Amino acid sequence: MDDDVFLVRFWGVRGSISVSGPEFSRYGGNTICIEMRCGKHTLLFDAGSGLQPAGRALRASGVTDFDLLFTHCHYDHIIGLPFFAPIYDRSVKVTLWSGHLAGRMTTRQMVDEFMQPPWFPVKLEICKASLDCRDFVSGDVLRPREGVVVRTGSLVHPGGCIGYRVEWGGRVVAVITDTEHEPDKLDQAVLGLIEGADLVIYDCTYTEEEMERRSGHGHSTWQQGVKLCEAAGARGLALFHHDPARTDEELDEIEKLAKDRFAGAFAARDGQTLKFPVSLHKKR
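Residues numbered from 1 in each chain as written. Predicted model: local features only at pLDDT ≥ 70, side-chain atom pairs only at ≥ 80, totals over all residues. Heavy atoms only, no water.

1. Digging into the overall build of the chain
Moving on, step 1. A tally of regular secondary structure across the chain gives seven helices and 14 strands.
Moving on, step 2. In summary, the chain has a C-alpha radius of gyration of 18 Å against a globular reference of 19 Å for 284 residues, a match within 12%.
Moving on, step 3. Its C-alpha atoms put the chain at 50 × 50 × 40 Å along the principal axes.
Moving on, step 4. Residues classed as buried in the chain amount to 56% of the 284 residues present.
Moving on, step 5. Restricting to contacts in the chain with at least 6 residues of sequence separation, those with at least 24 account for 68%. (Helix = DSSP H or I, 4+ residues; strand = E, 2+ residues; numbered from the N terminus. Rg over C-alpha atoms; globule rule 2.2 N^0.38 Å. Buried < 20%, exposed > 50% of the residue type's maximum accessible area, 1.4 Å probe, protein only. Contact = heavy atoms within 4.5 Å.)

Okay, structure coming up:
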């Protein structure tokens, strides 16, 4: 494991529902799951279908103690949890975090209600891993591991959603998925989370032309992602939460358009890995 590298790996980049077929082979069809490794510390964001291959990789690399943070609990962000092999391993410790339902439902209640009959054959109690459920309120600053700072904020999405800013080793990566922007306005909460970020993982489900008929769905566009990154002085933009109908060729074209506007833009792919070298003496 690289102790002086901030690693980001995409295990699922598709929104709404997983897809398969030759027209989706390059960008992938798994729903949302992101892995971040801050040196020896491992954080996962969301438990979409991409969590299943993430679990296999964690077991293969011997990672047995990590955090899983939920942005929210719509199906495409939680469907992989019952199929996440590490939670059935008694040698594993997982800390689960959520804040989008603060005051309405705890993290433990959320997971309990999802993983039980008739929605799933067995209850959460079958899991042998140590599961530590943590709750927070939007705006809280989390310190899940030594030296790792996670700032939180509310996003605009039906039912609520949390955006995250992860700081470690002088590097910053932000997860801004499932949020809807207002026309001709920049979301101040998002700007605060992405200011000066090395990478912004942003909800680019639609184009601005499509937004005219998608208003209220709780998603954004690559054009808005570019505007936000420019305003916040961010260096990289990962187009993310791809529309399930978006083919590889269509994503290629969107990526090209985004790069023409913002050099640091790219369309995220399943299995893609980015590494950011860090200066440990600058670790926050």
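2. A word on empty space enclosed by the protein
Moving on, step 1. By the definition in use, this model includes two cavities of 30 Å³ or more.
Moving on, step 2. Estimated volume of the largest cavity: approximately 50 Å³.
Moving on, step 3. Lining the largest cavity, in full, are C204, T205, L239, H242, D243, R246, L251, I254 and A267.
Moving on, step 4. When its residues are assigned to classes, the lining of the largest cavity shows five nonpolar, two polar and two charged.
Moving on, step 5. Within this model, the second largest cavity holds a volume of roughly 40 Å³.
Moving on, step 6. Surrounding the second largest cavity, F70, C73, I78, L81, M110, V111 and F114 form its lining. (1 Å grid on protein atoms, 1.4 Å probe; cavity = no way out; pocket = protein on both sides within 12 Å on 5 of 7 lines; lining within 4 Å. Points joined across faces, edges and corners; volume = space filled by probe spheres on them. Nonpolar A, V, L, I, M, F, W, Y, C, P; charged D, E, K, R; others polar.)

3. Re the pattern of salt bridges
Moving on, step 1. In this structure the tally under the stated criterion is 15 salt bridges.
Moving on, step 2. Among the ionic pairs, E35 bridges to R37, the shortest N-O distance being 2.4 Å. Each member of the pair E35 and R37 is classed as buried.
Moving on, step 3. As a salt-bridge pair, D65 and R145 come within 2.9 Å of each other at their nearest N and O atoms. Placement of the pair is D65 in strand β4 (residues 65-69) and R145 in strand β7 (residues 141-145), with a sequence separation of 80 residues.
Moving on, step 4. With relative accessibility at 34%, the residue D65 sits in the partly exposed group.
Moving on, step 5. A network of salt bridges, in which partner residues are shared, links R9, E35 and R37. (Salt bridge = Lys/Arg side-chain N within 4 Å of Asp/Glu carboxyl O.)

4. Details of the pairing of β7
Moving on, step 1. Note: β7 against strand β8 (residues 148-155), three bridges, orientation antiparallel. From the neighbouring strand, L142 faces β8, where its bridge partner is V150.
Moving on, step 2. Between β7 and the antiparallel strand that follows it, β8, lie two residues; G147 among them carries a positive phi value of about 85°. (Pairing = 2+ DSSP bridges.)

5. Regarding the sheet that holds strand β1 (residues 5-12)
Moving on, step 1. Taken in spatial order, the seven strands of this open sheet run β6-β5-β4-β3-β2-β1-β14, and their pairing is mixed. Each edge of the open sheet carries a strand with a single partner, namely β6 (130-135) and β14 (273-277). The mean angle between the axes of side-by-side strands here comes to 20°, regardless of whether they run parallel or antiparallel.
Moving on, step 2. When strand β3 (residues 41-45) meets β4, the two strands line up parallel, connected through three bridges. Residue L43 lies in a different strand from β4, and its bridge partner there is D67.
Moving on, step 3. In the packing of helix α1 (residues 51-60) onto the sheet, contacts are made with β1, β2 (33-38), β3 and β4, and the angle to β2 comes to roughly 30°. (Axes fitted to C-alpha atoms, helices over the stretch in contact; angles between N-to-C directions.)

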